[in-house]
Each structure stands twice: as structure tokens, then as C-alpha cells.
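Architecture at a glance
What follows is each chain in one-letter form.
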Amino acid sequence: MAVQVDVLIVGAGFGGLRSLHTFRSMGLSVVALEASEAIGGVWNFNRYPGARCDVESYDYSYRFSEELEQDWRWSERYATQPEILSYINHVADRFDLRKHVELNTCVSRAAFDEASGRWIVESDDGRSWNAGKLILAVGQLSTPKATKYPGQDSFNGRIIYSAQWPKDAPDFAGKRVAIIGTGSSGVQMTPVIARVAAHLSVFQRTANYSIPAANAPVSEEEDLEVKANYRARREAARNSPSGLGFVPNGKSALEVSDEEREAAFETAWNRLGFGFALTYKDILLDQTSNDTASEFICRKIAEQVDDPDVREKLTPKGFPFGTRRPSVDSGYFQTFNRSNVTLIDISESPITCFTQSGIRTSTSDHDFDIIIYATGFDAFTGSLLKPDIVGRNGVTLREKWSAGPTSFLGLGVNGFPNMFIIVGPGSPSLLSNVLLSSEEQIDWLANLFEYCRAREINEIEVTAEAEREWVAHVNERAQETLYLKTPSYYLGAEMPGKPRVFMPYSGGVRGYRRFLEKEAETGYEGMTLSRSDRQAVA
Ligand code: NAP
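These remarks concern the structure in this document. (Residues numbered from 1 in each chain as written. Predicted model: local features only at pLDDT ≥ 70, side-chain atom pairs only at ≥ 80, totals over all residues. Heavy atoms only, no water.)

1. Looking at the sheet that holds strand E7 (residues 158-161)
Spelled out, the test is: Whether two strands pair comes down to DSSP finding at least two bridges between them. By definition, any uninterrupted DSSP run of H or I lasting at least four residues is a helix, any uninterrupted run of E lasting at least two residues is a strand, and each is numbered from the N terminus. Axis geometry follows a simple rule: fit a line to the C-alpha atoms, using only the stretch in contact for helices, then measure angles between N-to-C directions, giving values from 0 to 180 degrees. Contacts were defined at the residue level, with two residues in contact if any of their heavy atoms lie within 4.5 Å.
The five strands are arranged E7-E16-E8-E9-E12 in an open sheet whose pairing can be described as parallel. Taken across any chain shown, the strands that pair with only one partner, and hence form the sheet edges, are E7 and strand E12 (341-345). Going across the sheet, the axis of each strand differs from the next one's by a mean of 20°, ignoring polarity. Each of strand E8 (176-180), strand E9 (199-204), E12 and strand E16 (370-373) is contacted by helix H5 (residues 184-194), which is oriented at about 170° to E8, the strand it contacts most.

Pasting the structure below:
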């Protein structure tokens, strides 16, 4: 017998728990289904050494409760994974959310039932739910790539995936360790593992740009200051392009003198992390402007690396800064000056297979005790397309998105009524502070649900026309940027066979919010809102 709920949420990470809290506060019955044994989403899985957020802690935290904001004390500018996980657990306890979360519950199928206008959701252990609304809060980087090299099963040591970090992870002390992959995960763990391992080999396919985090403990004074001005800080974040609070310099990088630009880059480099990309308004829009930033970063990398050959290999080439997601690091490049660290360039000498004792490249064999895959995720759509999601007329989301994801506002998909995606493709998502973007969307959905409740509307479906126009707009905005020049996970290039479609909305969180506001102000003209007598109004 299916459990009846007003709102069924898939996922109990940041987005799922905020959805749960908000929709429950509206008096709706809510359940969140979480596949793993604990809440926390990616912060529960990505437990690798050095894992931390590269959005500042005060901004990568919920804004919905001023008491929570005031009570919680972040210890560092960029919180570590354990601190973030304990924050999520604190929130779950403080707002009594756990009783609505079903752990160890992996959704295998969700089907829209035309007869009742509701969603029938099934888990892989045979349980089912009947829900008026389906909220997919499954994360954009939550399905790890299952990278597997030939011969892997014969390796005598241990293989670990960064995004499925085991709770019984081995001690690296005295071990020969390999890391494959130099995205944010590889960049974060490299300095930390290098400090304890007997030897660390980093297998790099593509050198990427990285900005120093300038991480530091948060002093009492800083904490008091943020908390005294928290509303203004939140508003500044909401009104900044990426939701990080950085407002781009209104000038082009090409409008200023070399000296002025150098000084501005230097200031940003020493403090801003991701904000470096906004030192000038056109760094992500204009190639020549971007070249000035790339050249500055490459010079900074060169200053940090002693060996000329290693320096050359670590220098990004062939793509504009920022068009693959840059990392924010704590001593990554300097780590390659250590005598126990080796950089292995697999663009020159690809990995051919694993052996019993380690990794074979086209030119050499390397022996290891532990090999870590930090090879990333099936981004944006991986977790959304894992379960069978079946909309009107039996059409699955996989079929609907076979040429790439389409949506209106990244939130709703035509043919899938009463289904909403949190920070999905077509929204600012991974080009923004995803926590801020989630809260924006969830608050907007709460208003939509109230609007519908007051009018006894129980079926909400984005129109085909609104979806078409939004997809065109997302593409137009992307065309204005440099992002399309580089194969990246923003474009689906991380997975063989994935459609090459630019997935996040590059118009910024403020620009995006204007569309949300307009949609509400016009009485939701991009959606068909109907009263069906098939289901009670929730
Ligand atoms: P990623 O950025 O996608 O990087 C994957 C790395 O693995 C790349 O260097 C890639 O090389 C390499 N790779 C992929 N497949 C490979 C293969 N078969 N053989 C060898 N190398 C391979 O993944 P990630 O580092 O896990 O980070 C993903 C995203 O998660 C980040 O961009 C960020 O959004 C998020 N993240 C955030 C934080 C944070 O907030 N602190 C921390 C970690 C991750 P190519 O570039 O050549 O493909």
C-alpha cells in the first residue's frame, strides 16, 4: 500500500532538507527519500582528506533562519567536509527534520499517474509512495564516474573513489599512493596526502587553473562582524552574478593600464578565490581579456613550482581560464616541490592498464599500495536520469532528454506535471553558489504552491512554449561567454556519448531571479495551472 504524501522529495542533502523544512512549514505532509545511510548528500560521500567547500562558509550555509545564522560558529573561512556535515546534522536536529527522512531508500521509479494526477514513486526494495508533488533534489555532482582501467581487478592494493570515500579509509602514512585526476577533488587532496604518504604520484590528464583559497581560521571579531551584518551580506550574495557576493569590476580588463590590472589581479589572487574571475567584467566573455587573467595565473603557477619541466606540465594550455571549473587550492602547486611527489603527465603517456602492483602507462610502470580515482562525476544529469522517471504518455525523462536536458527555468519539464528539480540543468546551478540557488528556487516554489493552494489548483505543468523559449535563452546567454570554447562538464564532455549541450544558466543568479519574479508576477504564464478533480488540493 503506497504511503500518501503531499510532497515527496528525492534526496536529503542541502536542497532536500531545505525543501523538507519549507514545504512542511506550509502544513504539507512531506517525506524525503535518501538512498544512503545518512543525510548530507555529497558532503556525506566526499570524505577524502582535504575536502572542504570552496565557497566561503558564511555564504555556503542556510539563510532561512536568522537564529541558526547567529548560533552557528564556523571555524574557518572555507569549512572542511566534517564541519559542513556536522552543520547539516545540526540543522536536521534543530528543525526536527529526521523523522520525515527515509534513509537507505533508493528511488528506482517515479511515474506520473494520469488518472489521479499524482506521482507513484517506488524504491528498489519494493516500497511505494503516492505524492501530489515530486521534488528532485538529487544534486548535480552526485553520481561519480565509474572509471575503470583494464586490469584493475588484478591490482593487489586498494582502489578508492574520491566521491565514495570509505569510512574505513586506510592510513596513508608510509604508503605509495596514486591520485588519478586533477579537478577540485584531486587538487584538494594532493597536499594533504603528500604530507603523510611515503610517495605520492599525481596522474594529470589536463592541467587546470587554480586560485589560492587564502583559507584561515575565523576570528571572534570577524564572526561578530559577519553576524552583525548578515542580512546585508545575504542580499549582496543574492545580487551578485554567482551568489558569492562578488560584484564584478565594471571595467573591461583591457580598459586599464597594465600596472592597474596587475595590482587588481594581485589583490584578487591573495584574497578572493573564485572571485578572481570577476576582477574585470569581461574575463569570462572576451578572449583577449581572459588572456590577461590566464597569463597572470600561469605566472603565479610558475612562481610556485621549482622544477621547470614540472612547471611546464602544470601550466594550463589551450583553453580560457574559468571555462573548465577552476579549483581553489591550499598549497597545491608547491606540493610538487616535495621530494616525495611526482607528476605524471598522462596526456603524453596515457595509462594503458593497471597491473598487479600498480599502473602502467604507455612509457613506464609505477608501483602503488593505494590508487585513488578523483575522476569526477556524471555531472548535472547523472542522478536525475538514474531512476526511471515516467511522465505523461509513458515518456521517460531519459527519452525526453535524449538530446540534452530541456526545462523551463531549470525547474520544470513539459510532460512531467507536478515535478520540480532543485538546481537542475537550465538554472545557475554549478555556475553559482548552489546552496543560495537552491534556497531561491525552494522559496519560489513555496510561493507557487501557496498560489495554487489558494486557487484550488493541483496540476502544474510548464508549457512546451515556455520550455522552448527558456532553452533558447540559456543557449543565447552561453553564446555570449567563452564557456563554449572548452570541452567541460558544463557541456557534457566529461562522459563519452553524453549530448554536448551547455547545461547551466550563465546569466547569473540575479538575472535568473528576475525571470523567477517575472514568472510569478505574470501569474505563472509559462505554466499551465489546472484544477483537476482527480486529486485533492494540497
Ligand atoms: P572533475 O573536476 O571533473 O575532475 C576530474 C579529473 O579527473 C580531471 O582532471 C579529469 O581530466 C580527470 N579524469 C577524468 N576521467 C579520467 C580518466 N579516465 N583517466 C584519467 N583522468 C581522468 O572532478 P572533481 O575533481 O571530483 O570535481 C568535480 C566538481 O565537484 C568540481 O568542479 C566542483 O564543482 C565540485 N567539487 C567541489 C569541491 C568544493 O566545493 N570544495 C570539492 C571537490 C569537488 P580531464 O580534465 O582531462 O577530463
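Having seen the model, we can carry on.
2. Regarding empty space enclosed by the protein
For the record, the criterion: Points on a 1 Å grid, built from protein atoms alone, make a cavity when a 1.4 Å probe fits but cannot get out and make a pocket when they are open with protein on both sides within 12 Å along at least 5 of 7 lines; residues with an atom within 4 Å of a point are the lining residues. Grid points are joined across faces, edges and corners, and a volume is the space filled by probe spheres set on the points. In this count, Pro and Cys sit with the nonpolar residues alongside Ala, Val, Leu, Ile, Met, Phe, Trp and Tyr, while Asp, Glu, Lys and Arg are called charged and the others, Gly among them, polar.
Within this structure, the stated rule accounts for nine cavities of 30 Å³ or more. For the largest cavity, the calculated volume is near 100 Å³. Lining the largest cavity, in full, are Pro405, Thr406, Ser407, Pro425, Gly426, Trp470, Val471, Val474, Asn475, Val501, Phe502 and Met503. Here the residues of the lining of the largest cavity sort into eight nonpolar, four polar and no charged.

3. Focus: the side chain of threonine 279
Defined as follows: For each residue, the accessible area found with a 1.4 Å probe, counting protein chains only, is set against the maximum for its type, and the residue is called buried under 20%, exposed over 50%, and partly exposed in between. Pairs of N or O atoms are called polar contacts if they sit within 3.5 Å, as long as, within protein, a hydrogen donor faces a hydrogen acceptor (for residues adjacent in sequence, only side-chain-to-side-chain pairs).
Within the fold, threonine 279 resides in the loop between helix H8 (258-271) and helix H9 (287-304). Threonine 279 gets classed as buried once you look at its relative accessible area, which sits at 9%. Engagement of the side chain of threonine 279 in a polar contact is seen with the backbone oxygen of phenylalanine 276, the distance being 2.4 Å. Among all residues touching threonine 279, those that are not within four sequence positions of it are Asn249, Ala264, Phe265 and Ala268.

4. A short note on the site of the ligand
To keep things clear, this is the line we draw: Proximity criterion: a residue is near a molecule or strand once any of its heavy atoms comes within 4 Å of it. Method for areas: the Shrake-Rupley scheme with a 1.4 Å probe, in which residue coverage is limited to the protein chains shown.
Near the ligand lie 25 residues; those nearest to it are Arg52, Tyr149, Ser185, Thr206 and Tyr489. Interatomic distance of 2.8 Å between a side-chain N/O atom of aspartate 54 and an oxygen atom of the ligand. Here a nitrogen atom of the ligand and a side-chain polar atom of tyrosine 149 are 2.6 Å apart. Alone, the ligand offers 900 Å² of accessible surface; in the complex the protein occludes 86% of this. If you tally residues by element for the shell around the ligand, the top one is H5, at three residues. Grouping the constituent residues of the shell around the ligand by class yields nine nonpolar, 10 polar and six charged.

5. Details of helix H15 (residues 508-521)
Rule in force here: To estimate the expected span of a helix, subtract one from its residue number and multiply by 1.5 Å.
The end-to-end C-alpha distance of H15, which contains 14 residues, comes to 20 Å, matching closely the 20 Å that a straight helix rising 1.5 Å per residue would cover. In this structure, the buried residues of H15 make contact with helix H7 (230-238), helix H13 (434-454), helix H14 (464-479) and strand E20 (527-530).

6. A short note on the pattern of salt bridges
Quick note on the threshold: By convention in these notes, a salt bridge is any Lys or Arg side-chain nitrogen within 4 Å of a carboxyl oxygen on Asp or Glu.
As enumerated under the stated definition, the model contains 45 salt bridges in all. In this structure, lysine 300 and glutamate 266 form a salt bridge, with 2.9 Å as the shortest nitrogen-oxygen distance. Placement of lysine 300 in helix H9 and of glutamate 266 in helix H8 is noted, with a sequence separation of 34 residues between them. Residue glutamate 450 pairs with arginine 453 through a salt bridge whose shortest N-O separation is 2.8 Å. Within this pair, glutamate 450 and its partner arginine 453 are both found in helix H13, separated by three residues, close to a single helical turn. On the basis of relative accessibility, which here comes to 34%, the residue glutamate 450 falls in the partly exposed class. Classification of arginine 453 as partly exposed rests on a relative accessible area of 26%. Connected through salt bridges with shared partners, the residues Arg18, Arg63, Glu235, Arg238, Glu439, Glu440 and Asp443 form a single ionic network.

7. Concerning the packing of H13 against H15
Just so we agree on the cut-off: Oblique is the label for every angle not falling under 35 degrees (roughly parallel), over 145 degrees (roughly antiparallel), or within 65 to 115 degrees (roughly perpendicular).
Orientation of H13 relative to H15, taken along the N-to-C sense of each, is 5°, at an axis distance of 11 Å. If you check the angle between H13 and H15, you find them roughly parallel. Residue-level inspection shows Leu436, Ser437, Glu440, Gln441 and Trp444 of H13 in contact with H15, the latter providing Val509, Tyr512, Arg513, Leu516, Glu517, Glu519 and Ala520. Residues belonging to the contact of H13 with H15 are distributed by class as follows: six nonpolar, two polar and four charged.

Functional significance is not addressed by these values, which are geometric in nature.
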